[in-house]
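# Architecture and fold: a report
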Amino acid sequence: MPPVFPMLTVLSMFYYMCLRRRARTATRGEMNSRRAIESNTRALPINVEIVQYAKEVLDFSSHYGSENSMSYTMWNLAGIPNVYPSSGDFTQTAVFRTYGTWWDHCPSARLPFKRTPTTFCSQDYVELAFEEPVYPTAVHILETYHPGAVVRILACSANPYSQNPPAEVRWEVLWSEAPTKVNGPQARQFTPSIKQINFPTNLIRLEVNSSLLDYYTELDAVVLHGVKERPVLSLKASMIDMNDIDEDEDEEKYGCEMDTLNKQFSIVALREWPSNGYFDKLPYELIQLILSHLTVPDLCRLAQTCKLLYQHCCDPLQYIHLSLQPYWARINDTSLEHLQSRCTLIQWLNLSWTGNRGAISVSGFSRFLKVCGSELVRLELSCGHFLNETCLEVITEMCPNLQELNLSSCDKIPPQAFNHIAKVGNLKRLVLYRTKVEQTALLSILNFCSELQHLSLGSCVMIEDYDLIASMMGAKCKKLRSLDLWRCKNITENGIAELASGCQLLEELDLGWCPTLQSSTGCFTNLARKLPNLQKLFLTANRSVCDTDIEELAANCTRLRQLDILGENHMWRPPCLHRELQETTRNSHLSGNESC
């Protein structure tokens, strides 16, 4: 018996040691696991969503309001909502200058550029800066009246508040869609489904198309949702959607593929060319005609197929009319350099919206015009903030045949620079909307550019005496057909009398928001009697317009198609007068008798 007890003792001790080791191992593992969890929690902080309103409005193409106030201006988009969720016409909102299609059917309407991609339908834009750069997860647009104008939302890689500008500025389309008709003018929060991007942003751009709207769209605020850390793609986001592929292809067609202007055309000649197939048997003119229907990126792609088509795609005849506005985010000095040899015969050039944030330099623009400016007839440079006095000097020297010049919203050009425009004696159209042109320069332009037919001076706040300007127009610009004096603050009945006496070919006249004009002076009756060819007349927000003025217009201006008397207070018989206008004019568009 005695030997048994030691054996039991040994077994008990062994069992006890095993249990203790297991317990110790489990405790150590649990502690290690807890430490690992705590470590991971510290290394991977929770990606909290940041919600922020626009801090600042950086840039825009147009607005309904004045440069010297906040009513109906784009600056109302900064900060928290002023109106939402209320609906209606409020001065505290952001409103663009135009709406509908009737702007495209007035005497001043410009012919569209061919080869504009069908996917590009933007008419106006506004750029907004936010405090914190984030990876966007949502964009909320608070629309308070006649929604549905927003067609594109873009994000920029450049931080407008950074002291060190990036070497490359990238723009990515977060969302894009064709214009849609929205039933009803009620307010809404528009939250489209946006795509994820691979860089943080605090610069958002909205592009709009108001052609389907029955009235001005009004925007109250923009809310950017995002996270500081790049989010991991979810399973749903990682799945392939054929619709997404189509959208990407469309975007590439007019966006990313513009890089081929810098790459494909420059290196394609070094490759081995395949045979030309049956294209050698087609007449040269027939191939040129077929290629004339392609967009610029499509020409870039086609140039890589064979030597014959490369030659056709580089033929200057393919670039007689060239619009680079749809590709504004990709155009830079290198693009213009590679286009020089192909644009020696160019007559129409659209560089609107391009070149900002250093993409196009003054020297790059000047080099291009020195090679390609001799045949230019039409030059569109709307919102070209790289333009300065040197650029205008180059335009006047290198473009002797120029007839149309659009400098709309080029608010960085210094006032004295506009004197150079007087050297272009053949000008027939000049758009100076929202520029800093001053009175002396404008008088010089009117004196030497007597062939002017279309002139836009809307929101030019540095002109001191519009009566003097109107007098010069009446004396020198006898061929004037359209004149935009939107929001000129000091024109009186004397200037209107000089204008009506000297410019009797006028078909379009915009006197909207000109508070110094009073019906009691007979200025509107004088207009109606001396300008029988009027087709479009804007008297917006002139609260002195009365029944007599409308009767005179109906009796004398039988070609009148568009009349805006929005905001008048002294008309007592608007329905009756509307019928009278309809009887004396055909297809007239009357807007009026509402409060402003």
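The rules behind the values
Residues numbered from 1 in each chain as written. Predicted model: local features only at pLDDT ≥ 70, side-chain atom pairs only at ≥ 80, totals over all residues. Heavy atoms only, no water. Helix = DSSP H or I, 4+ residues; strand = E, 2+ residues; numbered from the N terminus. Buried < 20%, exposed > 50% of the residue type's maximum accessible area, 1.4 Å probe, protein only. Contact = heavy atoms within 4.5 Å. Areas by Shrake-Rupley, 256 points an atom, 1.4 Å probe, with all protein chains shown as cover. Axes fitted to C-alpha atoms, helices over the stretch in contact; angles between N-to-C directions. Parallel < 35°, antiparallel > 145°, perpendicular 65-115°, else oblique. Polar contact = N/O pair within 3.5 Å; in protein donor to acceptor, adjacent residues only side chain to side chain. 1 Å grid on protein atoms, 1.4 Å probe; cavity = no way out; pocket = protein on both sides within 12 Å on 5 of 7 lines; lining within 4 Å. Points joined across faces, edges and corners; volume = space filled by probe spheres on them. Nonpolar A, V, L, I, M, F, W, Y, C, P; charged D, E, K, R; others polar. Phe/Tyr/Trp six-rings, centres within 6.5 Å; stacked < 30°, edge-to-face > 60°. Lys NZ or Arg CZ within 6 Å of the ring centre and 35° of its normal. Arc of directions from axis to C-beta. Core = buried A, V, L, I, M, F, W, Y, C linked by side-chain atoms within 4.5 Å. pLDDT = per-residue confidence, 0-100.

### A closer look at the overall build of the protein
Summing up its helical and strand segments, the protein has 16 helices and 20 strands in all. Looking at the protein as a whole, 50% of its 596 residues qualify as buried. Looking at the protein alone, contacts between residues at least 24 apart form 81% of all its contacts between residues at least 6 apart. As displayed, the protein has an accessible area near 27700 Å², and 54% of this comes from carbon and sulfur atoms.

### Considering the packing of helix α13 (residues 493-502) against helix α14 (residues 523-530)
Where α13 contacts α14, the axes come no closer than 10 Å and their chain directions differ by 5 degrees. In terms of orientation, α13 lies roughly parallel with respect to α14. Each of E493, I496, A497, A500 and S501 in α13 lies in contact with α14, whose residues at this interface are C523, N526, L527 and K530.

### Focus on the side chain of S352
Relative to the helices and strands, S352 is located in the loop between β11 (348-350) and α9 (362-372). A relative accessible area of 4% places S352 in the buried class. In terms of polar contacts, S352 uses its side chain to reach the backbone amide nitrogen of S382, at 3.1 Å. When sequence neighbours within four positions are dropped, the list of residues in contact with S352 reads Q325, W328, E380, L381 and S382.

### Here's the deal with the layout of surface pockets
Approximately 1500 Å³ is the volume attributed to the largest pocket. Together, 44 residues line the largest pocket, and W103, D104, R110, Q123 and N406 are the ones closest to its centre. For the lining of the largest pocket, the elements supplying multiple residues, two or more each, are β12 (378-380), β14 (429-431), β15 (454-456), β16 (482-484) and β17 (508-510). When the residues that make up the lining of the largest pocket are grouped by side-chain class, the tally is 14 nonpolar, 19 polar and eleven charged.

### Comments concerning empty space enclosed by the protein
Within this structure, the stated rule accounts for three cavities of 30 Å³ or more. As a volume, the second largest cavity reaches approximately 60 Å³. Around the second largest cavity, the lining comprises ten residues; the ones closest to its centre are Y64, Y72, D89, Y215 and Y216.

### Structural notes on the packing of α9 against helix α10 (residues 389-398)
As a packed pair, α9 and α10 sit with axes 10 Å apart at the nearest point and diverge in direction by 5 degrees. Here α9 lies roughly parallel to α10, going by the angle between them. Facing α9, whose interface residues are V362, F365, S366, L369 and K370, α10 presents T390, C391, V394, I395 and M398. Along the lines of polarity and charge, the residues of the contact of α9 with α10 split into seven nonpolar, two polar and one charged.

### With respect to the packing of aromatic side chains
Tallying each qualifying case throughout the model produces 19 aromatic pairs. Note on W102 and W103: the rings are 5.6 Å apart at their centroids and 55 degrees apart in plane angle, and the pair reads as tilted. With relative accessibility at 8%, the residue W102 sits in the buried group. Exposure remark for W103: the relative accessible area of 14% places this residue in the buried category. Counting every residue linked through ring pairs, the aromatic cluster contains Y64, Y72, Y99, W102, W103, Y145, Y215, Y216, W486, W513 and F538. Sitting over the face of the ring of W348, R378 holds its NZ or CZ atom 4.6 Å from the ring centroid.

### What to know about helix α12 (residues 466-476)
Listed as buried for α12 are Y466, D467, I469, A470, M473 and G474. Seen end-on, α12 carries its buried residues on one side only, within an arc spanning 160 degrees. Elements that come into contact with the buried residues of α12 comprise α11 (439-448), β15, β16 and α13. The N-terminus of α12 is capped by D465, whose side-chain oxygen sits 3.1 Å from the backbone nitrogen of D467.

### So, the nonpolar core
By size, the foremost hydrophobic cluster in this structure holds 96 residues, and its most contacted members are F365, L407, L432 and M473. Ignoring anything within four residues of it in the chain, the contact list for L407 reads L381, L387, L392, I413, F418, I421, V431, L432, Y433 and T435. I141, A149, F190 and L213 belong to the second largest nonpolar core, which has 30 residues in total.

### A look at the confidence of the model for the protein
The share of residues in the protein with pLDDT of 70 or more is 80%, and the mean pLDDT across the chain is 86. Low pLDDT, under 50, characterises residues 1-8; the predicted model gives this stretch zero contacts beyond four residues in sequence or across chains. Ignoring residues within four places in sequence, the model shows residues 23-44, a span with pLDDT below 50, making zero contacts including any to other chains.

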